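Chains, contacts and geometry: an overview
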Amino acid sequence: MDRRSLIKNAGIAGVLAAGVAPAVHAQAAVRWRLASSFPKSLDTIFGAAEVFAKAVKNMSGGKFEISVHAAGELMPAFGVVDGVQQGSIEAAHTAPYYFFGKDECFALGCAIPFGLNSRQMSAWMYEGNGLKLMREFYAKYNIVNFPGGNTGAQMGGWYRKEIKSVKDIKGLKMRIGGFAGKVLERIGGVPQNIPGGEIYQALEKGTIDAAEWVGPYDDQKLGFNKVAPFYYYPGWWEGGPELDFFINNKAFEALTPEYKAIVEAAAAQAHGEMQAKYDAKNPAALKQLVGAGTKLRPFPTDVMNAAFKEAMALYEELSAKNESWKKIYADYSKFRAEQNLWFRFTEATFDRFMQAQKL
């Protein structure tokens, strides 16, 4: 090795020995604000934004910091898309389907009734065309999106009265997340779109007859079992809802390549950790809820069949009138069919066998 190379390599080794990579060491300080659509009390779903911010700070050596704000601190829970689009905040963490009123395609980036489960959703995003198609759509709102968590299949919610058939859905006022309300409405229900922090009071006062949120761990924290005795499953409208980090496109493009890579890596970490937390915490919470008197019930078959029929009809109608939906849903539905065929022979068969065993 010649003298010049020796000096060069010794210099790099010195920087690395100090614990700071040269590329990151040279970066300018960046400060962002992130608005969440969730309350701080929900350590799982709100916590994903904190995981993201902490990872960004750690990977940048403290030079890139993101302050995380709960729903209502900077803006209302359902105001975060406008905030990112207008550039009043650099980032948000939310459930995209909350904004289906702007365009139904927002729901495809999160969950639609009888859609993909969590693993299939991640596969569509990362290895299928999901991320490409959704970014093309979100570009109209000045947004760059990154998958930011998944709850896994959700529960079907809390009901003040028992649901014995689809007839009991008629006139039912239910808090239900985003796009799923369109299908509930078609089978006779009356959907209500209420932020997570306001659901308990509405259910307690009888303003609504039923409410869904996520699953046992979060639902127990929010106390729904105290005001509604019947707990139904499955949440057919949320087989694998993806949360997203929405980032203002100008803010993202202003980052160096290294900082962009850090954002992507931090989002991926938060994405994986969220479902791991739900899968770990839900079993014990469900046992506690049932032990405290919660009446666990499966949805009647006629409710499932009616909802599935109306969901498929709705998707056909949207394809006929919304070109963006038509383009994205065509790819989504093809991917869903292929995934279900695969899961039918592997995951589902294995799961059914294991769930029948005494462990």
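Throughout what follows, the structure given in this document is the object of discussion. (Residues numbered from 1 in each chain as written. Predicted model: local features only at pLDDT ≥ 70, side-chain atom pairs only at ≥ 80, totals over all residues. Heavy atoms only, no water.)

1. A word on the overall build of the protein chain
Selection criterion: For the purposes of this entry, the term helix denotes a DSSP run of H or I that reaches at least four residues, the term strand denotes a run of E that reaches at least two, and both are numbered from the N terminus. We compute the radius of gyration over the C-alpha atoms and compare it with the globule rule, which gives 2.2 Å times the number of residues raised to the power 0.38. When a residue's accessible area, from a 1.4 Å probe over protein chains only, is under 20% of the maximum for its type it is buried; when over 50% it is exposed; and in between it is partly exposed. In these tables, accessible area is a Shrake-Rupley quantity obtained with a 1.4 Å probe, and a residue counts as shielded only by the protein chains included in the view.
Tallying secondary structure elements over the protein chain gives 15 helices and 11 strands in all. Computed over its C-alpha atoms, the radius of gyration of the protein chain comes to 22 Å, within 12% of the 21 Å expected for a compact globule of 359 residues. In the protein chain, which comprises 359 residues, the proportion classed as buried is 50%. Surface summary for the protein chain: the accessible area is close to 16600 Å², and the carbon and sulfur share equals 54%.

2. Observations regarding the pattern of salt bridges
Note the threshold: By salt bridge we mean one thing: a side-chain nitrogen of Lys or Arg within 4 Å of a carboxyl oxygen of Asp or Glu.
All told, the structure shown has 14 salt bridges when counted by the stated rule. Here Glu-212 and Arg-175 are joined by a salt bridge, their closest N and O atoms 2.7 Å apart. With Glu-212 in the loop between β8 (210-211) and α10 (216-222) and Arg-175 in strand β6 (residues 173-175), the pair connects residues that are 37 residues apart, well separated along the chain. Classification of Glu-212 by relative accessible area gives buried; the value is 0%. Judged by relative accessible area, which is 1%, Arg-175 ranks as buried. Notably, a salt bridge pairs Arg-186 with Glu-310, separated by 2.9 Å at the nearest N-O pair. Of this pair, Arg-186 sits in helix α8 (residues 180-186) while Glu-310 sits in helix α13 (residues 301-321); the two residues are 124 residues apart in sequence, bridging distant segments of the chain.

3. Re the sheet that holds strand β5 (residues 157-159)
To keep things clear, this is the line we draw: Strands qualify as paired when DSSP identifies two bridges or more between them.
Reading across the sheet, the six strands line up as β7-β6-β8-β5-β9-β11 and stay open at both edges, with mixed pairing between neighbours. Pairing within the sheet leaves two strands with one partner each, and these edge strands are β7 (190-192) and β11 (295-298). Judged from the three bridges that link them, β6 and β7 form a sheet pairing that is parallel. The residue of β7 that forms the bridge with Met-174 is Pro-191.

4. Comments concerning helix α14 (residues 323-345)
Put simply, the rule is: Given the number of residues in a helix, its expected span is that number minus one, multiplied by 1.5 Å. For a residue, the bend is simply the angle between two axes, fitted respectively to the seven-residue segment ending there and the seven-residue segment starting there. Every residue pair with non-hydrogen atoms within 4.5 Å of one another is taken to be in contact. Any pair of N or O atoms that falls within 3.5 Å is considered a polar contact. Within protein, one atom must be able to donate a hydrogen and the other to accept it, and sequence-neighbouring residues count only if both atoms are side-chain atoms.
A rise of 1.5 Å per residue sets the reference length of α14, with its 23 residues, at 33 Å; its end C-alpha atoms lie 34 Å apart and thus fit the reference within 8%. A maximum bend of about 25° is found in α14 at Tyr-329. Buried residues of α14: Trp-325, Ile-328, Tyr-329, Tyr-332, Phe-335, Arg-336, Gln-339 and Phe-343, and no others. Contacts from the buried residues of α14 go to α5 (105-108), α6 (118-126), α7 (130-138), α13 and α15 (347-355). Its side-chain oxygen at 3.0 Å from the backbone nitrogen of Ser-324, Asn-322 defines the N-terminal cap of α14.

5. Some details on the packing of helix α3 (residues 47-59) against helix α12 (residues 257-291)
Note the threshold: Axes here refer to lines fitted to C-alpha atoms; in helices the fit is confined to the stretch in contact. Angles between the N-to-C directions go from 0 to 180 degrees. For a crossing to be left-handed, the near helix must be turned anticlockwise from the far one by less than a right angle; the clockwise case is right-handed.
One way to put it is that α3 packs onto α12 with a least axis distance of 8 Å and a crossing angle of 145°. Crossing of α3 against α12: the hand is right-handed. Mapping the contact onto sequence places Ala-48, Val-51, Phe-52, Ala-55, Val-56 and Met-59 in α3 and Ile-262, Val-263, Ala-265, Ala-266, Ala-267, Gln-269, Ala-270, Glu-273, Met-274 and Lys-277 in α12.

6. What about the sheet that holds strand β2 (residues 64-69)?
Within the open sheet, the five strands sit side by side as β2-β1-β3-β10-β4. Their pairing is mixed. In this open sheet, the two edge strands, each paired with only one partner strand, are β2 and β4 (143-150). Strand-to-strand twist across the sheet, computed as the mean angle between neighbouring axes with direction ignored, equals 25°. When β4 meets strand β10 (residues 242-248), the two strands line up antiparallel, connected through six bridges.

7. Let's talk about the packing of α7 against α14
Formally: Roughly parallel means an angle under 35 degrees; roughly antiparallel, over 145; roughly perpendicular, 65 to 115; everything else is oblique. Residue polarity is assigned by list, with Asp, Glu, Lys and Arg as charged and Ala, Val, Leu, Ile, Met, Phe, Trp, Tyr, Cys and Pro as nonpolar; anything else, Gly included, falls into the polar class.
One way to put it is that α7 packs onto α14 with a least axis distance of 10 Å and a crossing angle of 165°. Classified by the interaxial angle, the pair formed by α7 and α14 is roughly antiparallel. Seen from above, α7 lies across α14 with left-handed handedness. Contacts between α7 and α14 involve Leu-133, Met-134, Glu-136 and Phe-137 from the first element and Ser-324, Lys-327, Ile-328 and Asp-331 from the second. Among the residues making up the contact of α7 with α14, the classes are represented as four nonpolar, one polar and three charged.

8. Points about empty space enclosed by the protein
Selection criterion: For cavity detection a 1 Å grid was placed over the protein atoms alone, and a set of points counts as a cavity when a 1.4 Å probe fits there but cannot get out; an open set counts as a pocket when protein lies on both sides within 12 Å along at least five of seven lines, with lining residues being those that have an atom within 4 Å of a point. Grid points are joined across faces, edges and corners, and a volume is the space filled by probe spheres set on the points.
Applying the stated rule across the entire model yields two cavities of 30 Å³ or more. Empty space within the largest cavity amounts to approximately 80 Å³. In this structure, the largest cavity is lined by 14 residues; those nearest its centre are Ile-45, Tyr-97, Tyr-98, Gln-154 and Val-214. Taken together, the residues that form the lining of the largest cavity break down as 10 nonpolar, two polar and two charged. Its boundaries defined by the atoms lining it, the second largest cavity holds a volume of some 40 Å³.

9. Describing the nonpolar core
Rules: Here the nonpolar core consists of buried residues drawn from Ala, Val, Leu, Ile, Met, Phe, Trp, Tyr and Cys, with membership extended through side-chain atoms lying within 4.5 Å.
Counting 111 residues, the largest nonpolar core has Phe-52, Trp-124 and Tyr-159 as its most contacted members. It is α12 that provides the largest number of residues to this core, a total of nine residues.

10. Points about the packing of aromatic side chains
To keep it simple, the criterion reads: Within 6.5 Å between ring centres, the rings of Phe, Tyr and Trp (the latter by its six-membered ring) count as paired, and their orientation is classed by plane angle as stacked under 30 degrees, edge-to-face over 60, tilted in between. Think of it as a cone above the ring: NZ of Lys or CZ of Arg counts as a charge over the ring if it is within 6 Å of the ring centre and within 35 degrees of the ring normal.
A full pass over the atoms with the stated rule returns 32 aromatic pairs. An aromatic cluster of at least three residues, connected via ring pairs, comprises Phe-38, Phe-78, Tyr-97, Tyr-98, Phe-99, Phe-106, Phe-137, Tyr-138, Tyr-141, Trp-213 and Phe-246. The side chain of Arg-135 reaches across the aromatic face of Phe-146, ending 4.6 Å from its centre.

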